Amino acid sequence: MAETIEPSAYFFGYIGVASAVVFANLGSSYGATKSGVGICSMGVLKPDLIMKSVIPVVMAGILGIYGMIVGVILQGKVSSITAASASKQGYAYLSAGLCCGLSSLAAGLSIGIVGDAGVRANAQQDRIFVGMILILIFAEALALYGLIVSLILSQTS
């Protein structure tokens, strides 16, 4: 007689998939939008700095890629949940998705605020650029930490 798998295991697993993608894209879109507003404001006075100031938008866009990577990995894992540890796997995939998604959301908020203020400040003082890039790197690292932990959690069997 075949063992049945609790439907809640699939539910929690797929909520993890959705969480990774949705929250990472929220962070990505906020970071890109907020930084883009700063670039547009700065570009009116110093149009020659626009291309140099696109870095925060690119860094914010990477956050969405993190969510997509975790979402695709988790989707493959959720479809192969085994009956022996179904609940454990479902919860692990939920936590993996939330870990990546919420870390990317936090990073996106940080990148958006720093990117907006940084590109505006860079238009007034060139020496601020390196400091802005360092702050953006540390903000992006938050999402990278979430991605790494998500990948580790997704290996639960």
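So, here's what we can say about the structure. (Residues numbered from 1 in each chain as written. Predicted model: local features only at pLDDT ≥ 70, side-chain atom pairs only at ≥ 80, totals over all residues. Heavy atoms only, no water.)

### Points about the environment of Gly146
By the element assignment, Gly146 lies in helix α4 (residues 128-153). With relative accessibility at 3%, the residue Gly146 sits in the buried group. Between the C-alpha atom of Gly146 and that of Ile111, which follows or precedes it by 35 residues, the distance is 15 Å. Residues contacting Gly146, with those up to four places away along its chain left out, are Cys99, Cys100 and Ser103. (Helix = DSSP H or I, 4+ residues; strand = E, 2+ residues; numbered from the N terminus. Buried < 20%, exposed > 50% of the residue type's maximum accessible area, 1.4 Å probe, protein only. Contact = heavy atoms within 4.5 Å.)

### A few points about the packing of aromatic side chains
One pass over the structure, following the stated rule, counts 2 aromatic pairs. When the centroid spacing of 5.3 Å and the interplanar angle of 70 degrees are considered together, the rings of Phe11 and Phe12 count as edge-to-face. Ring geometry for Phe12 versus Tyr91: centroids 5.0 Å apart, planes at 50 degrees, classification tilted. Of this pair, Phe12 sits in helix α1 (residues 7-45) while Tyr91 is found in helix α3 (residues 86-124), placing the two residues 79 residues apart along the sequence. Given the relative accessible area of 24%, Phe12 is considered partly exposed. Taken together, Phe11, Phe12 and Tyr91 form an aromatic cluster joined through their ring pairs. (Phe/Tyr/Trp six-rings, centres within 6.5 Å; stacked < 30°, edge-to-face > 60°.)

Taken by themselves, the reported measurements are silent on function.
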